[in-house]
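Listed here are the chains, written in short residue letters.
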Amino acid sequence: MAPDGVLEEAARQLTVCNACRYCEGLCAVFPALERRSVIMPEDVAYLANLCHDCRACFEACMYTPPHEFAVNIPVALADARITTYQSYTWPRWLGSAFRNAAIFSAVAAAVGLALAALAVSLSGGWSGFITSHQGPGSFYQIITFPLMLIPALLAALYVIGVLAVGCRALWRDAEIRARDLGSAPGSWAAILDAITFRYWKGGGGGCYAPHADAPSAVRRRLHAAVFWGFTLTFVSTVLAAIWQDLLGDQPPFPILSPPVVAGVIGGALIIVGATGLLSLKVRSPLTGQEGRPSALDSVFLVLLDVASATGLLVLALRTTPALGPLLTIHLASLVALFAAAPYGKFVHGAYRFTALVLNRAEARAEESRLALRSSPE
C-alpha cells in the first residue's frame with residue numbers, strides 16, 4: 001500500500017474495532033480508541049505509537065483475513081508508525097531513511113569509520129596504532145579527549161533536538177489541552193507504564209511471539225534487558241565523567257570501579273536483549289507484514305549489538321595491540337548508532353512514551369468529566 005493511504009487504511013480498521021470492542025481489555029490502544037467517535041489520521045498516529053505490538057488483538061479478532069473486513073491491527077499500526085516517523089521527523093527529507101534503514105545505516109557506518117580514522121590522524125595516533133598502551137590516559141594516546149567528547153556532545157544534542165521536534169508534533173496533533181498533560185500523577189504513571197513494560201503483557205499472558213499459538217513473556221523480558229542495559233551504559237558514562245573530571249582519574253579505570261561494572265553489565269544486557277529480539281524476528285515475523293518495520297528493527301538491533309560488543313572488547317583487550325583498531329571500530333559504530341538514532345527504530349521509545357503520557361492524560365480527563373456528570377447539582 002502506498003504510504004499516503006496507510007493512515008486511512010488503519011483508520012478504517014480501527015473503526016471496525018470501535019464498533020466491535022471485543023479487545024478493549026487487552027492494552028491501552030482500545031480504551032483510547034473508544035474515547036473517539038470518529039477516527040482521524042492524527043488519531044491513528046497517536047494510537048499507532050501507543051501500540052506495543054503484542055499481537056493479542058490479532059489472535060482474538062474474528063475479522064482477520066480472509067474475512068471481508070480484513071482487519072489486521074498489528075500490521076496496520078506498524079505501517080502507520082513508519083508513516084508517522086517519516087512525517088514527524090526533521091529535516092523532513094531525511095524521513096526516507098525510515099524505509100531504507102539498511103542503506104542509511106551502512107552509509108552512516110562508513111562515514112563513522114572515516115571520521116574515526118580522521119580523529120586518529122588528528123591525534124597523531126597512527127604511529128602507535130597497533131602497539132600496547134598502558135596506564136592512565138592510554139585511550140587518549142590514540143584519539144585525544146576533545147575529539148571524543150565534542151562530537152559526541154554535538155551528536156547527542158542533535159538527536160535530542162530531532163526527537164523533541166517529533167514528539168512535540170505528535171503531542172500537538174493529539175489535540176489535548178496542555179493543562180491536562182505533564183502533571184505529576186499522569187507523568188509518573190506513564191513512566192511506570194514504560195519501565196514496567198506493562199502493555200507487552202497482551203491482556204495478561206504476554207506477546208504472541210515467538211509462538212503465534214501461545215502468549216509468552218520472552219519478548220517483554222528481552223525489551224527490558226535492552227532498556228536497562230542502555231540505562232546502565234548511560235550511567236556508566238556519567239560515572240566515568242565524574243571519575244575523570246571531578247576525581248581526577250584517567251581512563252581506563254580499574255575493572256571493579258563503578259563506571260566499568262555498570263558498563264559491563266549494561267553492555268552484556270544489551271547484547272542479550274538485542275540478540276534475542278533479532279532471533280524472535282527471524283522466528284516470528286509479524287503476520288501479514290511486508291517487512292518494512294522489521295528491517296528497521298533489525299538494523300537498529302544489529303547496531304546496538306556491534307556497539308556493545310566492540311565496547312566490551314575494548315575493555316577486555318585494552319592493554320593489548322588490538323586496542324587501537326577496536327577503539328576505532330567502536331567509535332565508528334557509535335557514530336552509526338547516533339546517526340541512525342533519530343532516523344531509525346530508536347525513535348519509537350520517545351514517541352511511545354509521549355503516547356503513554358497522552359493516554360494517561362486522556363484517561364484522567366475522562367474520569368474528571370464522568371465525575372462531574374455524576375456529581376449532584
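Only a predicted model underlies this, so the values are computations on that prediction, with no experimental measurement involved. (Residues numbered from 1 in each chain as written. Predicted model: local features only at pLDDT ≥ 70, side-chain atom pairs only at ≥ 80, totals over all residues. Heavy atoms only, no water.)

Participant: How should I be thinking about the overall build of the protein in this particular structure?
Facilitator: Counting its regular elements, the protein contains 13 helices and zero strands. Relative to its length of 377 residues, the protein is compact, with a C-alpha radius of gyration of 23 Å against a globular reference of 21 Å. In terms of principal-axis extent, the alpha carbons of the protein reach across some 75 × 50 × 40 Å. Counting all 377 residues of the protein, 47% fall into the buried class. Accessible surface for the protein amounts to roughly 18,100 Å². Of this, 68% is attributable to carbon and sulfur atoms. In the protein, 27 positive and 25 negative side-chain charges are present, and the distance between their average locations comes to 4 Å. (Helix = DSSP H or I, 4+ residues; strand = E, 2+ residues; numbered from the N terminus. Rg over C-alpha atoms; globule rule 2.2 N^0.38 Å. Buried < 20%, exposed > 50% of the residue type's maximum accessible area, 1.4 Å probe, protein only. Areas by Shrake-Rupley, 256 points an atom, 1.4 Å probe, with all protein chains shown as cover. Lys, Arg positive; Asp, Glu negative; His and termini not counted. Charge placed at Lys NZ, Arg CZ, Asp CG, Glu CD.)

Participant: Just checking my understanding: could you explain empty space enclosed by the protein for this structure?
Facilitator: To locate leftover empty space, one rolls a probe as large as a water molecule over the atoms. In this structure the tally under the stated criterion is three cavities of 30 Å³ or more. Counted as a void, the largest cavity has a volume near 140 Å³. Around the largest cavity, the lining is made up of 18 residues, and of these Cys17, Cys23, Cys57, Cys61 and Val71 lie nearest the centre. Contributions of two or more residues to the lining of the largest cavity are made by helix H1 (6–20), helix H4 (56–60) and helix H5 (73–88). Of the residues in the lining of the largest cavity, the class split is 15 nonpolar, two polar and one charged. What lines the second largest cavity is a set of 15 residues, and nearest its centre among them are Cys27, Phe30, Cys51, Cys54 and Cys57. Listing elements by their share of the lining of the second largest cavity, those giving two or more residues are helix H2 (29–34), H4 and H5. If one sorts the elements of the lining of the second largest cavity by residue count, H5 sits on top with three residues. In the lining of the second largest cavity, the residues fall into 12 nonpolar, one polar and two charged. (1 Å grid on protein atoms, 1.4 Å probe; cavity = no way out; pocket = protein on both sides within 12 Å on 5 of 7 lines; lining within 4 Å. Points joined across faces, edges and corners; volume = space filled by probe spheres on them. Nonpolar A, V, L, I, M, F, W, Y, C, P; charged D, E, K, R; others polar.)

Participant: I would appreciate a short explanation of helix H6 (residues 101–123) in the present structure.
Facilitator: Given 3.6 residues per helical turn, the α-helix brings residues three or four places apart onto the same face. Here H6 spans 32 Å end to end across 23 residues, near enough to the 33 Å set by a 1.5 Å rise per residue. Turning to H6, its buried residues are Ala101, Ser105, Ala108, Gly112, Ala116, Ala119, Val120 and Ser123. (Expected span 1.5 Å × (residues − 1).)

Participant: Got a minute to help me understand the confidence of the model for the protein in this structure?
Facilitator: The predicted coordinates ought not to be read in detail in places where the model reports low pLDDT. This prediction gives the protein a mean pLDDT of 87; 92% of its residues lie at or above 70. Ranking the elements of the protein by mean pLDDT puts helix H8 (residues 184–195) last with 79 and H1 first with 95. (pLDDT = per-residue confidence, 0-100.)

Participant: Help me understand the environment of Pro146, please; the structure alone is not making it clear to me.
Facilitator: Among the structural elements, Pro146 can be located in helix H7 (residues 145–173). Under the relative-accessibility criterion, Pro146 is labelled partly exposed at 46%.

Participant: Mind showing me how you'd approach the packing of aromatic side chains here?
Facilitator: What characterises a pair of aromatic rings is the spacing of the ring centres plus the angle enclosed by the ring planes. What the rule picks out here adds up to 13 aromatic pairs. Seen in terms of ring centroids, Trp126 and Phe129 are 4.8 Å apart; in terms of plane orientation they differ by 50°. Their pairing is tilted. Ring plane angle 50° and centroid distance 5.2 Å describe the contact between Phe197 and Trp200, whose orientation is recorded as tilted. Across the pair, Trp200 and Phe197 agree in class, each one buried. Put simply, the rings of Tyr85, Tyr88, Phe98 and Tyr351 touch in pairs and so form one group of aromatic residues. (Phe/Tyr/Trp six-rings, centres within 6.5 Å; stacked < 30°, edge-to-face > 60°.)

Participant: How do you make sense of a nonpolar patch on the surface when you look at a structure like this?
Facilitator: Taken together, the side chains of Ile103, Val107, Val111, Leu115, Leu118, Leu122 and Leu147 make up a nonpolar region of the molecular surface, amounting to roughly 630 Å² of accessible area. By residue number, the principal contributor to the nonpolar patch is H6, which donates six residues. Take Val107: it is sitting in helix H6. (Patch = residues over 30% accessible without salt bridge, like charges linked within 9 Å, V, L, I, M, F, W, Y side chains within 5 Å. Salt bridge = Lys/Arg side-chain N within 4 Å of Asp/Glu carboxyl O.)

Participant: Explanation requested: the nonpolar core in the structure shown.
Facilitator: Note that soluble globular proteins tend to have their nonpolar side chains buried in a common cluster. If you look at the biggest cluster of nonpolar residues, it comprises 71 residues, and the most contacted ones within it are Leu14, Val29, Phe30, Val44, Tyr46, Leu50 and Leu77. Other than its neighbours up to four places away in sequence, Leu77 contacts Ala10, Leu14, Val29, Leu47, Ala48 and Cys51. Judged by nonpolar contacts, the second largest core, of 13 residues, contains Tyr140, Ile142, Ile143 and Leu326. (Core = buried A, V, L, I, M, F, W, Y, C linked by side-chain atoms within 4.5 Å. Contact = heavy atoms within 4.5 Å.)

Participant: Where do I start with the packing of H1 against H5 in this structure?
Facilitator: For any two helices packed against each other, the geometry comes down to the angle between their axes and how far apart the axes lie. Closest axis-to-axis distance for the H1/H5 pair is 9 Å, and the angle between their directions is 145°. As for how H1 packs across H5, the hand of that crossing is left-handed. Here Val6, Leu7, Ala10, Gln13, Leu14 and Cys17 of H1 come into contact with H5, specifically with Ile73, Ala76, Leu77, Asp79, Ala80 and Thr83. Tallied by class, the residues present in the contact of H1 with H5 amount to nine nonpolar, two polar and one charged. (Axes fitted to C-alpha atoms, helices over the stretch in contact; angles between N-to-C directions. Left-handed = near helix turned anticlockwise from the far one by under 90°.)

Participant: What should I look at first to understand the packing of helix H3 (residues 41–50) against H5 in this one?
Facilitator: One can describe the packing of H3 onto H5 by two numbers: an axis separation of 9 Å at closest approach and a directional angle of 115°. With respect to H5, the axis of H3 lies roughly perpendicular. Two packed elements cross with a definite hand, and for H3 against H5 that hand is left-handed. In this structure, H3 contributes Val44, Ala45, Leu47, Ala48 and Asn49 to the contact, and H5 contributes Leu77, Ala80, Arg81, Thr84, Tyr85 and Tyr88. By residue class, the composition of the contact of H3 with H5 is eight nonpolar, two polar and one charged. (Parallel < 35°, antiparallel > 145°, perpendicular 65-115°, else oblique.)

Participant: Any chance you could explain unusual backbone geometry here in plain terms?
Facilitator: Glycine aside, residues mostly have negative phi angles, and peptide bonds mostly take the trans form. Of the consecutive residues Pro65 and Pro66, the connecting peptide bond is found in the cis state with omega at 15°. By secondary structure assignment, the location of Pro66 is in the loop between H4 and H5. A cis amide bond, omega -10°, links Trp90 with the succeeding residue Pro91. Following the sequence through the fold, Pro91 ends up in the loop between H5 and H6.

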